[in-house]
Structure formats: structure tokens, C-alpha cells
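Fold and contact review
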Amino acid sequence: MEYLEFELPIKELEDQLQKCKVIGEESEVDVTETCAQIEKKLKDTQKDLYKNLTPWQRVQLSRHPNRPYTMDYINAICGDSFLELHGDRNVKDDKAMVGGLGKIGDQSFMFIGQQKGYNTKTRQYRNFGMANPEGYRKALRLMKSAEKFGIPVVTLIDTPGAYPGLEAEERGQGEAIARNILEMARLKVPIITIVIGEGASGGALGIGVGDKVLMLENAWYSVISPENCSSILWRSWEYKEQAAEALKLTASDAKKIKVVDEIIKEPLGGAHRDREKTFVTVSNTIVKTYEGLKNLSPKDLVGKRMDKYANMGVFKG
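In this text the structure is predicted, and so the values were computed from the model without any measurement.

Remarks on the overall build of the protein
- Assigned secondary structure in the protein consists of 14 helices and eight strands.
- Taking 2.2 N^0.38 as the reference for a compact globule, 317 residues should give roughly 20 Å; the C-alpha atoms of the protein span a radius of gyration of 21 Å, in line with that estimate.
- Overall size of the protein, expressed as C-alpha extent along the three principal axes, is 70 × 50 × 50 Å.
- In the protein, which comprises 317 residues, the share counted as buried stands at 49%.
- A sequence separation of at least 24 residues applies to 72% of the contacts in the protein between residues at least 6 apart.
- Surface exposure of the protein reaches about 16,200 Å², of which carbon and sulfur atoms provide 52%.
- Positive and negative charge centroids in the protein, built from 46 and 45 side chains respectively, lie 7 Å apart.

See below:
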């Protein structure tokens with residue numbers, strides 16, 4: 001297990017507990033009481049630490065190298081029923097955007113999401129989860145297929161942003177994202193959107209329009225990353241913690257301003273601490289959310305979705 005800087009007190013206690021158990025196994029000394037004391041202190045420290053996380057610490061947790069990615073969720077939730085679909089039928093297959101058909105129980109869903117890599121080689125292969133225009137066009141193609149066959153759509157957001165390279169701009173990055181937002185707003189099947197990690201800028205919005213937008217507890221959702229905000233406002237990355245605070249990017253902030261509808265609780269310490277529990281929670285949430293949407297007519301579905309987004313940012317003076 002890798003530890004973030006602010007998690008070092010937990011690492012120390014876990015190391016102490018491990019040493020205590022080893023001493024108990026290798027000698028005849030009774031260490032039961034000592035181990036119990038360390039375990040209690042460990043639990044108290046974990047509760048105290050994770051209850052009072054700063055926005056920047058949540059950003060760090062959302063990027064934890066052991067945190068599950070889109071394909072981890074899909075494989076765990078759908079198992080062998082998942083069939084990945086490739087290509088935008090125009091340029092190529094974007095490896096940063098994945099999608100395909102999968103089942104939860106007897107119900108089919110079209111899953112779409114950004115995929116990051118696990119090591120240097122796969123990160124390059126997946127372009128660090130930053131999709132090109134063809135990735136967004138592939139996503140739209142899959143959504144249109146789902147609409148044609150009456151299959152609900154589930155999108156999983158986890159990206160530091162859409163790819164900002166020259167070739168992406170040449171192929172119409174802005175147009176591809178704008179087109180997706182337009183088409184998703186009027187798609188005639190239920191759309192469930194879940195922010196599972198990083199939800200940055202237009203890269204997230206390109207697959208982020210949904211009837212229900214859900215967000216994992218330690219994910220973040222914002223117009224810009226704290227580092228980039230800091231570099232624009234202060235000409236330095238040093239103020240990223242202040243930027244994270246000002247951007248109101250945490251799940252509780254997003255729910256408060258009605259950008260997301262519901263927060264999905266994570267195991268203590270983050271999704272990576274108990275991946276199986278997280279997968280079960282997300283799967284159950286998808287099923288429960290779909291139950292509330294499946295009986296709506298396409299007209300009602302689109303009408304409610306349009307109203308939801310039209311009312312965002314409205315306030316009374």
C-alpha cells in the first residue's frame with residue numbers, strides 16, 4: 001500500500017502493529033494487549049484524519065495510484081458480460097476513452113468512461129486519461145447506439161481534462177465536447193453519470209450530462225485543476241492548496257450548489273482501501289438510480305434533464 005504524505009501517522013501505527021504481531025509470533029511474549037492498544041489508536045487516528053480532510057487532500061486521494069479506475073469498476077460490476085466497443089468510425093480508436101455493453105443482473109447498460117494507466121507504459125498508452133476528439137466522438141457513437149436499442153447509459157468520469165495538444169485542436173476538440181453536451185441533453189434513454197476520481201473541465205463535461213449525476217466521496221469536480229488555477233492566478237503551483245479551497249471542488253461542495261445529485265460514500269481511507277466494497281456500493285447505486293428512471297417516458301426524461309441543467313446557477317437576489 002502506498003501512503004500519501006498526510007497519511008504517514010497511519011503508516012507508522014500500521015508498521016508498529018505489524019512489528020507487534022511479529023514479536024508475538026516469534027517469541028513467547030503475550031502481546032495481545034499491546035496490539036489491541038495500537039489497533040484502537042490506529043482506528044481513532046484514521047477516523048480523525050479522514051473526517052477532517054482538506055479539499056487538497058481529497059484531490060490527492062482522488063489521484064492515489066491504487067485507486068480503482070474505470071475498467072476496474074466495469075470488470076468488477078459486469079464480469080464476463082462486458083463487451084468493449086472500439087473506434088469513432090472516423091479517425092481512430094482513442095484508448096483514453098473506453099466503452100461497451102455490460103450487464104448488472106439481467107439489465108444491460110452502455111458503460112462509457114475515461115481510463116488512466118497503472119504504470120508508465122500504460123499511462124502513455126491511455127494518454128493519462130486525456131481523451132482526444134475521437135474519444136468523445138466514440139462516446140457519442142456508443143450513446144446513440146444505446147438510444148437506438150433502448151439501453152440506459154452509465155458514464156464514469158476520471159480525467160485531468162481533455163487532451164490540449166495541437167492535433168486535438170486541429171481535429172475539433174471543442175466542437176466534439178460541445179456536440180456531446182448537446183446530444184446528451186436530448187438523449188432519449190436514462191443517463192447515470194458518476195465522478196469516480198478527477199472531474200476536470202470540459203474533459204469531464206464531454207460525458208458528464210446525466211439525469212442523475214453522482215460523485216464518490218473523495219472525487220473532485222471543477223472547471224480547472226488546483227495546480228493550473230494556481231499557475232494562472234499566482235504564476236506558481238505553490239498555491240494549489242488555496243486554489244483547491246477556493247474552487248469548491250469537493251463532493252459536498254458540488255452537492256451544495258446542486259452540480260451533483262448524490263454523494264456515494266467510500267470506505268474509510270478512500271476507495272482503494274477496500275476496492276470490493278466500493279465496487280458493490282457503486283453497482284447497487286447504479287441499479288437503485290436506474291429503478292427511479294426506467295419508468296419515465298423519453299419525453300419526460302429529456303424534459304426533466306433539460307430543466308435540471310437550465311436551473312443550474314439560478315439564484316434569487
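Okay, back to it.
Brief notes about the nonpolar core
- The biggest cluster of nonpolar side chains holds 56 residues, and the ones touching the most others in it are Y73, F111, I112, V153, I194 and I286.
- Ranked by size, the runner-up nonpolar core spans 14 residues in total, among them F6, I10, V31 and L42.

Considerations on the pattern of salt bridges
- Counted by the stated rule, this structure contains 22 salt bridges.
- A salt bridge links E217 to K265, with the nearest nitrogen and oxygen atoms 3.6 Å apart. One end of the pair, E217, is in the loop between β6 (212–216) and β7 (220–222); the other, K265, is in the loop between β8 (262–264) and α13 (275–291), with 48 residues separating them in the sequence.
- The class for E217 is partly exposed, based on a relative accessible area of 22%.
- The class for K265 is exposed, based on a relative accessible area of 60%.
- Several salt bridges share partner residues, and in doing so they unite R137, K144, E147, E175, R179, E183 and R186 into one network.

Description of the confidence of the model for the protein
- In this model, the protein carries a mean pLDDT of 94, and residues with pLDDT of at least 70 account for 100%.
- Averaged pLDDT values for the elements of the protein fall to 89 in helix α1 (residues 8–26) and rise to 98 in strand β4 (residues 153–159).

A short note on the pairing of strand β2 (residues 97–104)
- Within β2, six of the eight residues are buried, which leaves the element mostly enclosed by the surrounding structure.
- Here two bridges tie strand β1 (residues 83–84) to β2, and the two strands are oriented antiparallel to one another. Bridge pairing in β2 links E84 to G100.
- In this sheet, strand β3 (residues 107–114) lies alongside β2 in antiparallel orientation, the contact comprising eight bridges. Looking at the pairing, V98 lines up with G113 of β3.
- In this antiparallel pair of consecutive strands, β2 and β3, the connection spans two residues, and G105 shows a positive phi of 65°.

Comments concerning the packing of aromatic side chains
- In the structure shown here, the tally under the stated rule is five aromatic pairs.
- Measuring from centroid to centroid gives 5.4 Å for Y69 and Y118, while their planes differ by 45°, and the two rings are tilted. Remark: Y118 occurs in the loop between β3 and α5 (120–125) and Y69 occurs in the loop between α3 (55–62) and α4 (70–78); sequence separation between them is 49 residues.

Regarding unusual backbone geometry
- A positive phi angle, close to 60°, is found at R89, a residue other than glycine.
- Among the structural elements, R89 can be located in the loop between β1 and β2.
- Of note in the backbone geometry, S201 takes a positive phi value of approximately 60° without being a glycine.
- As for its position among the elements, S201 is in helix α9 (residues 201–205).

A short note on the side chain of N180
- With respect to the element layout, N180 can be found in helix α8 (residues 173–185).
- A relative accessible area of 1% means that N180 is categorised as buried.
- Leaving out residues up to four positions away in the same chain, N180 has contacts with Y136, A139, L140, M143 and G206.

About the criteria used
Residues numbered from 1 in each chain as written. Predicted model: local features only at pLDDT ≥ 70, side-chain atom pairs only at ≥ 80, totals over all residues. Heavy atoms only, no water. Helix = DSSP H or I, 4+ residues; strand = E, 2+ residues; numbered from the N terminus. Rg over C-alpha atoms; globule rule 2.2 N^0.38 Å. Buried < 20%, exposed > 50% of the residue type's maximum accessible area, 1.4 Å probe, protein only. Contact = heavy atoms within 4.5 Å. Areas by Shrake-Rupley, 256 points an atom, 1.4 Å probe, with all protein chains shown as cover. Lys, Arg positive; Asp, Glu negative; His and termini not counted. Charge placed at Lys NZ, Arg CZ, Asp CG, Glu CD. Core = buried A, V, L, I, M, F, W, Y, C linked by side-chain atoms within 4.5 Å. Salt bridge = Lys/Arg side-chain N within 4 Å of Asp/Glu carboxyl O. pLDDT = per-residue confidence, 0-100. Pairing = 2+ DSSP bridges. Phe/Tyr/Trp six-rings, centres within 6.5 Å; stacked < 30°, edge-to-face > 60°.

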